[in-house]
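The chain contents come next:
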Amino acid sequence: MKRRDLFIVSIFILIGIFCWLNFSAKADSDFELIIPINNGSAITNESGGWQYSNCVSGGNFIGMRTSTSQIISPTIDLSDYASAKMNFEDRTYYGSGDSAKISIFISEDDGNSWQNVYFHLPTTSAMTITSDFLLNDYLSKQIKIKFQTASATGYKGAGITNISILGVKNIIPPTNTPPYAIIHSSSTGYLDEEIEFDASSSTDDENNLATYYWNFGDSSSSEEIIASHIFPAIGDYLISLTVTDTEGASSTATTSINILNIETVSTTTSTTSSTIPIIYNLHDLVINEFLSDPATSSEKEWVELYNNTTSTIDLSGWTMSDNSSTSTMSGFISATDTDRFFVFEFSSSKLNNDGDIITLKDPTGQIIDQIIYGNYGSDTANNTLAPDKGNSTARIADGVSSSTSKNDFTETITVTKGLPNTITLKPISSGGGSYATPKPETTKLDPTTTTPTTTVEYSDQIIINEILPRPSLDEKNNEFIELINLSTSSVDLAGWILGDNSTNKYILPLDNPASTTITTSSPLTIKRSDSKIALNNSGVEAVKLYSPDDKLVDLVEYKGPVEKDYSYSRDEKGNFQWTNSPTPGQENTFSSSTPDDDTPDDSNSDSKTNNKTTSTAKTAKTTTKTATVKVAKIETPARRVDLENISSLNLNDKVITQGIVSVEPGVLGTQIFYLAGSGIQVYCNKKDFPNLKVGDFIEVDGILSEASGERRIKITGQDNIKIINQGQNPEIHSIATSEVGEDSVGSLAKITGVAVEVKGNYIYLDDGSEEAKIYIKSSTGINLKDLNIKPGDNLEVTGIVANASGGYRLLPRYANDIKKIGEVKGDFAMSTSTENGKNQSQSWKYFSAVIIFLSIIIGWLGWKIKSVKIEKNK
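Thresholds, definitions, all that
Counting restarts for each chain: residues are numbered from 1 in the order of the written sequence. Residue-level local features of this predicted model are given only where pLDDT is at least 70; pairs of side-chain atoms are given and counted only at 80 or more, and the full residue set underlies all totals for whole chains, interfaces and linings. Side-chain calculation: all heavy atoms of the structure are included, whereas hydrogens and water are not. Pairing between two strands is assigned when DSSP locates at least 2 bridges connecting them. A run of H or I in DSSP becomes a helix once it reaches four residues, and a run of E becomes a strand once it reaches two; helices and strands are each numbered from the N terminus. Like-charged residues within 9 Å of one another, or nonpolar side chains (Val, Leu, Ile, Met, Phe, Trp, Tyr) within 5 Å, are grouped into patches, provided each residue has over 30% relative accessible area and no salt bridge. Calculation of accessible area relied on Shrake-Rupley with a 1.4 Å probe; when residues are assessed, cover is drawn exclusively from the protein chains displayed. Any carboxyl oxygen of Asp or Glu within 4 Å of a side-chain nitrogen of Lys or Arg constitutes a salt bridge here. Think of it this way: Lys and Arg go in the positive column, Asp and Glu in the negative one, and His and the chain ends go nowhere. Charged side chains are reduced to one point each, which is NZ for Lys, CZ for Arg, CG for Asp and CD for Glu. Ring geometry is summarised as follows: Phe, Tyr and Trp rings, the Trp one being its six-membered ring, pair when their centres sit within 6.5 Å, and such pairs are stacked at plane angles under 30 degrees, edge-to-face over 60 and tilted between the two. Any residue under 20% of the maximum accessible area for its type is buried, any over 50% is exposed, and the rest in between are partly exposed; the area is computed with a 1.4 Å probe on protein chains only. Two limits define a charge over a ring: the Lys NZ or Arg CZ must be within 6 Å of the ring centre, and within 35 degrees of the ring normal. An axis is simply a line fitted to the C-alpha atoms; with a helix, the fit covers only the stretch in contact. Between two such axes, the angle follows the N-to-C directions and lies from 0 to 180 degrees. The predictor attaches a confidence to each residue, and that confidence, scored 0 to 100, is pLDDT. In this description, contact between two residues means that some pair of their heavy atoms is separated by no more than 4.5 Å.

**Considering the sheet that holds strand β19 (residues 250-260)**
Next up, step 1: Across the sheet, which stays open at both edges, the 5 strands sit in the order β13-β19-β18-β15-β16 with mixed pairing between neighbours. Edge positions in the sheet fall to β13 (188-190) and β16 (221-222), since each has one partner strand and no second.
Next up, step 2: Pairing between strand β15 (residues 209-215) and strand β18 (residues 235-245): 6 bridges, direction antiparallel. Within the sheet, the bridge partner assigned to Leu-209 lies in β18 and is Asp-245.

Rendered as structure tokens:
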């Protein structure tokens, strides 16, 4: 072989050795010590947990020179390892020719029995490494290892050192928490009307929500986050939402909706006069207490109703039904504080003892209240328990409803038919006394008589102290409302109620005093995961505290947008201000840096003006509940008004206005379109529109109304629209992402920013001022996958600013409303590596190194063979 060939072979060999050493080093780096190395420096029993018998010290090794010499390891736990091995070094004990066989035994029962698994005969007095003795057959077990020299005699023995037990741990995937399904929707709707169901508030602790599935109860379904549906017939429908995360965990929420014929909710006439029917809202009248299993056969079953309005209600035409029958009611229920109760007795036994559903409907067939108890239905998780014989089931706080039977009702042994509820829980099963009623009672004299009467007084010294609406991480577990006690003694808040600007209410539980008692020194913090109250991050929001008798004790109101990790906290003067130092359960602290807002600094800021946030503590104590009653419209002359001034008018005003079409009917909904400029939605239940195009300048006359917090002009058909001219460009407002909110609702707007998240049909865009939601409605035909939008993209997005139960959002109309204008590097780069992926990546590198080395050798051999053939042919 020529010198040049020797040189080339040497280079290849060096490259191969380098690759192999690199591979081996990296592979070994995945292993870690399971127990400390036994380096032979000591042979004392219990040293490092090793046990020695008839062994001697050889300086830097353990000498085993008799047939009874043994080394036994401590217990080695391999239960958390995916791979395990043992390395050690050995030598002859005295001379190169005087050696004894080393036998290795393994015990799986703490040394009671041993199995001989390996032997090795040292042949030199130099230490020799015995590596990678695999222990993979014992994974998930606890073992001991024993070394023994049964053939050793005198100086004919063996030495051993550096015994190391190594393993690669299992990669344990993080525990997946199931998601939490939340439905936002109306409880009533009309036939042939498009009704929106919103699942965007659903949460998942790992932010891995993957799919949404709606079942509308009429054999129809949807997989949209915000779904629109038109029901085919009047009646009651059970709506369910199932959300599933990427790990396959899911949860389901349900709600009900009552579909009415819009023609039945109109002015009815007789030969002598016209009558304006009252349209009742959900929970205007509620089921307050019922007796489903009377103590004696002579006693009737009954249901007690409670009037939540300020008007006497005529019960003619109202119905009460259970699972199998319906009864019609009559009579009147007053609205005075002492006579808000009405008892309806069933003529015969109707209510099942072990479980049933009780439904209250108004004369139009609309469900006003419903209670489910016992084992009724396939999903009983939210049912209140069926009571024992003779006990009643009562609303924890008279008239207060959170729409969940389990939270609102409890069994009581104090039956209060036609009277304010008194909750006395039944005795503990162990034989102890009954639980105390959650309502403190005091005795007072009725001024009209000399007879003592029992009344209830609640502390007015419980107030709202701090609110965190928008934590940056895990809103479900970190969003909170904090209360403090200004009185001189502890107060049990069982039965007290928290609410916000929605219909959601949370009743503090009755059966856990440790979680509801508030002392004078420690605030009480209530997390969103318990209350299910999701506070708004934009627009006007309020937190309300009620005593168990439904009296408003405190109210704190704020206006967004809300900065992440800023809490709204009460200072020493009783005023609220924003601070970036949330202190749940501790004294409030205030940083020098707070977000810009219009919150006044003076101590006389107890009234709300313009955009100022206020706290009305204690002054609301004597507030009287206002009735929420809607009436059919009364014909009045239409008011001609500019579009920019239309928001100053009252609902149900008849208006005439002009504007430019910013999106035609059918794009964002089959029953709506929008006018540009100040912006407003035009709605027609019958979908009867002329052939409109973007840029048409039109005149509209109709009734001013509102849906989901969004103003709209309601028309009856295309006769209410006049096209004046065509071809004009609608005005587009360039706004910051933080301005996608109340002041821009209905407008055609353009925002720019960085896509920080792309999730389902949502894009979350941020220009540095505030994150904004962009929602792609399925009716637009826009496909985000086709647009290839990803986090980090710099976007310019045009659309209609709209409001929904999940908050304000921008609705693009067409695919060209979403434009890429660049890509941001750095902070928005998404890291997808995991520890497992890292290991796989390293293994791939090792494998690649070997392949490269072999390829070089094969290439060189091929070149060499070819060279030899050329030489021979010369």
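That covers the picture; the talk isn't over yet.
**Digging into a negative patch on the surface**
Next up, step 1: There is a patch of like negative charges on the surface, built from Glu-739, Glu-742, Asp-743 and Asp-767.
Next up, step 2: Topologically, Asp-767 is positioned in the loop between β58 (762-766) and β59 (771-775).

**So, unusual backbone geometry**
Next up, step 1: You will see that His-283, though not glycine, has its phi angle at about 70 degrees, which is positive.
Next up, step 2: Tracing the backbone through its elements, the reader meets His-283 in the loop between β22 (278-279) and β23 (285-291).
Next up, step 3: The phi torsion at Lys-687 lies on the positive side, around 60 degrees, for a residue other than glycine.
Next up, step 4: Along the chain, Lys-687 turns up in the loop between β52 (680-684) and β53 (697-707).

**Here's the deal with the packing of aromatic side chains**
Next up, step 1: Going through the model one piece at a time under the given rule, you end up with 20 aromatic pairs.
Next up, step 2: On the basis of an interplanar angle of 65 degrees and a centroid distance of 6.1 Å, the ring pair of Tyr-558 and Tyr-568 is categorised as edge-to-face. Here Tyr-558, found in strand β44 (residues 552-559), pairs with Tyr-568, found in strand β45 (residues 567-570); they are 10 residues apart in sequence, far enough to count as distant.
Next up, step 3: Taking the relative accessible area as the measure of exposure, Tyr-558 reaches 1% and is therefore buried.
Next up, step 4: The class for Tyr-568 is buried, based on a relative accessible area of 0%.
Next up, step 5: Here Lys-101 stacks its cationic end above the ring of Phe-119, 4.8 Å away from the centre of that ring.

**Side note on the sheet that holds strand β26 (residues 319-321)**
Next up, step 1: Spatially, β27-β26-β30-β31 is the arrangement adopted by the 4 strands of the open sheet, whose pairing is antiparallel. Strand pairing shows two members of the sheet lacking a second neighbour, β27 (326-328) and β31 (367-374), which therefore form its edges. The sheet shows a mean angle of 15 degrees between the axes of neighbouring strands, taken without regard to direction.
Next up, step 2: Pairing between β26 and strand β30 (residues 355-361): 3 bridges, direction antiparallel. Pairing of Ser-321 across the sheet is with Thr-359, part of β30.

**Details of the confidence of the model for the chain**
Next up, step 1: The predicted model of the chain averages 78 in pLDDT, with 78% of residues at 70 or higher.
Next up, step 2: The least confident element of the chain is strand β48 (residues 630-631), whose mean pLDDT is 30; the most confident is strand β24 (residues 302-307), at 94.
Next up, step 3: Contacts for the low-pLDDT stretch residues 23-27, under 50 throughout, to residues beyond four places or in other chains number 4 contacts.
Next up, step 4: Taken together, the stretch residues 825-843 has pLDDT below 50 and engages in 11 contacts with residues farther than four places along the chain or on a different chain.

**Remarks on the pairing of strand β54 (residues 710-715)**
Next up, step 1: Strand direction decides the pairing type here: β52 and β54, joined by 4 bridges, are parallel. Paired with Tyr-683 across the strands is Lys-714, a residue of β54.
Next up, step 2: Looking at chain direction, β53 and β54 are connected through 5 bridges and run antiparallel. Residue pairing in the sheet places Ala-707 in a bridge with Glu-710 of β54.

**Here's the deal with the pairing of β30**
Next up, step 1: Among the 7 residues in β30, 6 count as buried, and that is most of the element.
Next up, step 2: The sheet contact formed by β30 and β31 spans 7 bridges and is antiparallel. From the neighbouring strand, Ile-358 faces β31, where its bridge partner is Ile-371.

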